[in-house]
Amino acid sequence: MGNANKKTRKYFRTIVMKICLVCSPGGHLIEGLKLISASEVHDDIILITHDEAFTLDIPRIKKIYYVKNFLIKRVDQSKPLKFLFIIYAMIYLSFNEFIILIKERPDLILSTGSEIAIPAFLIAKILRIRTIFVETLTRVTELSGTGKILLHIANLFIVQWEFLAKKYKDAIFKGNILETIEIDENKSKNNFIFVTVGTASFPRLVKIMDDLAKVIPEKVIIQLGRTDYTPKNADYLDFTSDLDEFNMMNQQAKIVVSHAGVGNVINILENNDNLIVFPRLEKYNELIDDHQLEFAKVLNKSSIAHVACSEKDIYNFIINIDKLSQRTTFKDSNQSNFLNYLKEALKSNLQV
């Protein structure tokens, strides 16, 4: 009788799972929510993420655990000081995530990064919880720092570009989540430009667009994120916690100008044909490497977005937007194959 109950429980776990999504807010979370669409509708989904104003309304999540983010405001710190904050953050995350995972005992941990995932995956090894790590879409030619650490720790490690699967033998490639959809060309657009910088500070783009607001006919509305600069010529807002409101801004804008973060790019491509991408760059200490630039190059090569690297580039795209070639569909995605593979991995509780 005991063995029969054990087998029943094992079978039930493969049908109804408790999945713990562990990822940073912003682009990582948007990717994570795309991945959750591969799970069964009756699965229990819990989320561990950083406590941010823009993570209030998240569909399909049964329970959310918030942990502090000690690194987001320290991107531009010196390397020695940043290293100390990383150590402190890892200790803090390890303690808090251990308590959460002991309490919840999920069947599976799923993550797209960033550093918030590292303690969770290490703890999962101790607690014998299965793990899947999906490297973020913006990593085209090199793994993220988190990815390099978790490559040999995760039970299943998935990348979204074939180049990385060839470079790292333990990585699996089955397509990616990027999808372009047909936009209704007859849908009316308002005469404004929406600028969105994501969750982190991006003063270079904000100042450029504030300056351009003086010389272009369109109204400019800027989502500032954590940028410590108040526009003088453009309208602005900090964040919006309502994803529908954010999507509406993307839909109604004549043009959207964005950093090359994956969350923004995914949402914009689903809502607007006219996307100008302006990547954060390592040389300005805006990122630790140039993965946004690599991602932007893919978008440009695939003709699904216009990529600008200077104020002049942005200005030329804006004034010539009606003359530019129409966006094409992204042929290298194979999103359905990617999500089907992930769905089978979830169903079988990683018996792959």
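Check the entry above for the structure.
Residues numbered from 1 in each chain as written. Predicted model: local features only at pLDDT ≥ 70, side-chain atom pairs only at ≥ 80, totals over all residues. Heavy atoms only, no water.

Enquirer: Mind showing me how you'd approach the sheet that holds strand E3 (residues 63-67) here?
Expert: Backbone hydrogen bonds hold the strands of a sheet together, and the pairing may be parallel or antiparallel. Taken in spatial order, the 7 strands of this open sheet run E3-E2-E1-E4-E5-E6-E7, and their pairing is parallel. Of all the strands in the sheet, the pair left with one neighbour each is E3 and strand E7 (172-173). One ladder, built from 5 bridges, connects strand E1 (residues 18-23) with strand E2 (residues 44-50); its direction is parallel. Within E2, the position partnered with Leu-21 by the bridge is Leu-47. Running over the sheet, helix H12 (residues 335-347) touches E1, strand E4 (108-113), strand E5 (130-134), strand E6 (156-159) and E7 and is turned about 170° from E6. (Pairing = 2+ DSSP bridges. Helix = DSSP H or I, 4+ residues; strand = E, 2+ residues; numbered from the N terminus. Contact = heavy atoms within 4.5 Å. Axes fitted to C-alpha atoms, helices over the stretch in contact; angles between N-to-C directions.)

Enquirer: Could you clarify how one ought to interpret the packing of aromatic side chains in this entry?
Expert: The description of an aromatic ring pair uses the distance of the two centres, along with the angle that the planes make with each other. Throughout the structure, instances matching the rule amount to 4 aromatic pairs. With centroids separated by 5.9 Å and ring planes inclined at 70°, the aromatic side chains of Phe-194 and Phe-246 adopt a geometry described as edge-to-face. Residue Phe-194 is located in strand E8 (residues 192-196), and its partner Phe-246 is located in helix H8 (residues 243-252); the two are separated by 52 residues in the primary sequence. The burial state of Phe-194 is the same as that of Phe-246; both residues are buried. (Phe/Tyr/Trp six-rings, centres within 6.5 Å; stacked < 30°, edge-to-face > 60°. Buried < 20%, exposed > 50% of the residue type's maximum accessible area, 1.4 Å probe, protein only.)

Enquirer: Honestly, the packing of helix H7 (residues 203-212) against helix H11 (residues 311-319) in this entry has me stumped. Any pointers?
Expert: Each packed pair of helices is defined by two parameters, the angle between the axes and the distance between the axes. With their axes 10 Å apart at the nearest point, H7 and H11 run at an angle of 50° to one another. The orientation of H7 with respect to H11, classified from their angle, is oblique. As for the relative orientation of H7 and H11, their crossing is right-handed in sense. Side by side, H7 and H11 meet where Leu-205, Ile-208, Met-209, Asp-211 and Leu-212 of the first sit next to Glu-311, Ile-314, Tyr-315 and Ile-318 of the second. (Parallel < 35°, antiparallel > 145°, perpendicular 65-115°, else oblique. Left-handed = near helix turned anticlockwise from the far one by under 90°.)

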